[in-house]
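Listed here are the chains, written in short residue letters.
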Amino acid sequence: MNRSLPQDVLDQIAAEERHFAEAPQAFFEAWKRGAEIAGPEWFGDGTPEGLQRATSKWDLRPKVLLLNDALDVLSGGQRMFLSAMVSFYNAREGGAMLKRCGFEGLSDLGGLDLERRKVIADLVLNYSGW
C-alpha cells in the first residue's frame, strides 16, 4: 500500500527545510547586528572596518579572552548580552561567563532591552552550529 503524507505535514516539512536552508545567513545577520550593538572591539579584528567587511560569522568571532578580562567592568546588561552571544560560539566559555553574571535561566534575558532580545531570539531561531 502506498500512502502519502497529509498535505499539512508536507507543507510543514517544506517550511522547515526552507528555514534551515536560510538559517546560516540569518544567523550571521543577527550575529552582526549583535556585534554592532555591543561594539566591534569585542569581535573579529576589533575594528569598525572589520565589522563592515565581515562576510561570515567566522570573521566576527568573539574575543573571548578579552571579554573574560573585561566582564567585571561592563554594565549588567552588556555582560549578559555579550555572555549570551559567546555561548553560541563556545557553550562552555559562554556558560561560565553567564554564570559569573548571575544568569540562572532564560528569564534572566528579560533584563535586556528589545533590540538585544531580538538579536538573541534570532540567534536561537537560526542557530545551526558554529
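Counting from 1, residues in each chain are numbered in the order their sequence is written. With the structure being a predicted model, the display of local features is reserved for residues of pLDDT at least 70 and the display and counting of side-chain atom pairs for 80 or more, all residues being used for whole-chain, interface and lining totals. Excluding hydrogens and water, the side-chain figures rest on all heavy atoms present in the structure.

*Asks:* Even after reading the chapter, I still don't get the overall build of the protein, so can you show me in this structure?
*Replies:* Labels follow the DSSP assignment, with helices taken as runs of H or I lasting at least four residues and strands as runs of E lasting at least two, numbered in each case from the N terminus. Along the protein, the regular secondary structure elements total six helices and zero strands. Seen through its C-alpha atoms, the protein measures out along the principal axes to roughly 65 × 35 × 25 Å. When a residue's accessible area, from a 1.4 Å probe over protein chains only, is under 20% of the maximum for its type it is buried; when over 50% it is exposed; and in between it is partly exposed. Across the 130 residues in the protein, those meeting the buried criterion constitute 35%. Taking the contacts inside the protein whose residues are at least 6 apart along the sequence as the reference set, 59% of them involve residues at least 24 apart. Areas reported as accessible are Shrake-Rupley estimates using a 1.4 Å probe. Residue values count occlusion only from the protein chains shown. Roughly 8,000 Å² of accessible area belongs to the protein as shown, and the carbon and sulfur atoms make up 54% of that amount. Separation of charge centres in the protein, based on 15 positive and 19 negative side chains, amounts to 3 Å. Any two residues having at least one pair of non-hydrogen atoms within 4.5 Å are treated as being in contact. Positive charges are assigned to Lys and Arg, negative charges to Asp and Glu, while His and the chain termini are left out of the count. To locate a charge, take atom NZ for lysine, CZ for arginine, CG for aspartate or CD for glutamate.

*Asks:* Can you help me understand the packing of aromatic side chains in this one?
*Replies:* Two aromatic rings are characterised by how far apart their centres lie and by the angle between their planes. Only Phe, Tyr and Trp rings take part, Trp by its six-membered ring, and two of them pair if their centres are within 6.5 Å. Stacked means planes under 30 degrees apart, edge-to-face means over 60, and tilted covers everything else. Scanning the entire structure with this criterion turns up nine aromatic pairs. Measuring from centroid to centroid gives 5.9 Å for Phe27 and Trp130, while their planes differ by 80°, and the two rings are edge-to-face. Of this pair, Phe27 sits in helix H1 (residues 7–38) while Trp130 sits in the segment after helix H6 (114–126), and the two are 103 residues apart along the sequence. Take Trp130: its relative accessible area is 19%, and that puts it in the buried class. An angle of 90° between the planes, with centres 5.7 Å apart, marks the rings of Trp31 and Phe43 as edge-to-face. Residue Trp31 is located in helix H1, and its partner Phe43 is located in the loop between H1 and helix H2 (48–53); the two are separated by 12 residues in the primary sequence. On the basis of relative accessible area, Phe43 is assigned to the buried category, the value being 2%. Feature note: the residues Phe27, Trp31, Phe43, Trp58, Phe88, Tyr89, Tyr127 and Trp130 constitute an aromatic cluster, connected by ring pairs. Placement of a charge over a ring requires the Lys NZ or Arg CZ to be within 6 Å of the ring centre, with the centre-to-atom vector within 35 degrees of the ring normal. Lying over the aromatic face of Trp130, Lys57 brings its terminal NZ or CZ to 5.2 Å of the ring centre. Lying over the aromatic face of Phe81, Arg116 brings its terminal NZ or CZ to 5.6 Å of the ring centre.

*Asks:* Help me understand the packing of H1 against helix H4 (residues 76–89), please; the structure alone is not making it clear to me.
*Replies:* Two numbers describe a pair of packed helices, the interaxial angle and the distance between the axes. Whenever a helix is involved, its axis is fitted only over the stretch in contact; in every case the axis is a line through C-alpha atoms, and angles between N-to-C directions fall within 0 to 180 degrees. In the contact formed by H1 and H4, the axes pass within 11 Å of each other and the chain directions differ by 150°. Here H1 is positioned roughly antiparallel relative to H4, judged by the angle of their axes. You can see that H1 and H4 cross each other, and the crossing is left-handed. Counted together, Phe27, Trp31, Gly34, Ala35, Ile37 and Ala38 of H1 and Gln78, Phe81, Leu82, Met85, Phe88 and Tyr89 of H4 form the full contact between these two elements. Oblique is the label for every angle not falling under 35 degrees (roughly parallel), over 145 degrees (roughly antiparallel), or within 65 to 115 degrees (roughly perpendicular). Note on convention: the crossing is left-handed when the near helix lies turned anticlockwise from the far helix by less than a right angle, right-handed when the turn is clockwise.

*Asks:* For this particular structure, what's the right way to read the environment of Pro40?
*Replies:* Relative to the elements of secondary structure, Pro40 occurs in the loop between H1 and H2. Judged by relative accessible area, Pro40 falls into the buried class, the value being 16%. A sequence separation of 24 residues divides Pro40 from Val64, and the C-alpha atoms of the two residues are 13 Å apart. Excluding anything up to four places from it in sequence, Pro40 contacts Ala35, Gly46, Thr47, Pro48 and Leu51.

*Asks:* Help me understand the nonpolar core, please; the structure alone is not making it clear to me.
*Replies:* Across soluble globular proteins, nonpolar side chains have a tendency to be buried as a group. Counting residues in hydrophobic clusters, the biggest one holds 32 residues, and the most contacted among them are Trp31, Trp42, Phe43, Ile120 and Leu123. The set of elements that each furnish at least two residues to this core consists of H1, helix H3 (64–70), H4, helix H5 (91–100) and H6. Tallying contributions element by element places H4 first for this core, with seven residues. Setting aside residues up to four positions removed in sequence, Phe43 forms contacts with Trp31, Ala35, Ala38, Leu60, Arg61, Pro62, Lys63, Leu82 and Met85. Buried Ala, Val, Leu, Ile, Met, Phe, Trp, Tyr and Cys residues that are joined via side-chain atoms within 4.5 Å together make up what is termed a nonpolar core.

*Asks:* Help me understand H1, please; the structure alone is not making it clear to me.
*Replies:* An α-helical segment advances 3.6 residues per turn. Residues three or four places apart therefore align on the same side. How far a helix is expected to stretch is found by multiplying one less than its residue total by 1.5 Å. The terminal C-alpha atoms of H1, which comprises 32 residues, lie 44 Å apart, in line with the 46 Å expected from a rise of 1.5 Å per residue. All of the buried residues along H1 are Ala23, Phe27, Phe28, Ala30, Trp31, Lys32, Gly34, Ala35 and Ala38. In this fold, the buried residues of H1 make contact with H2, H4 and H6. Gly39, located one to two residues past H1, shows a positive phi value of around 120°.

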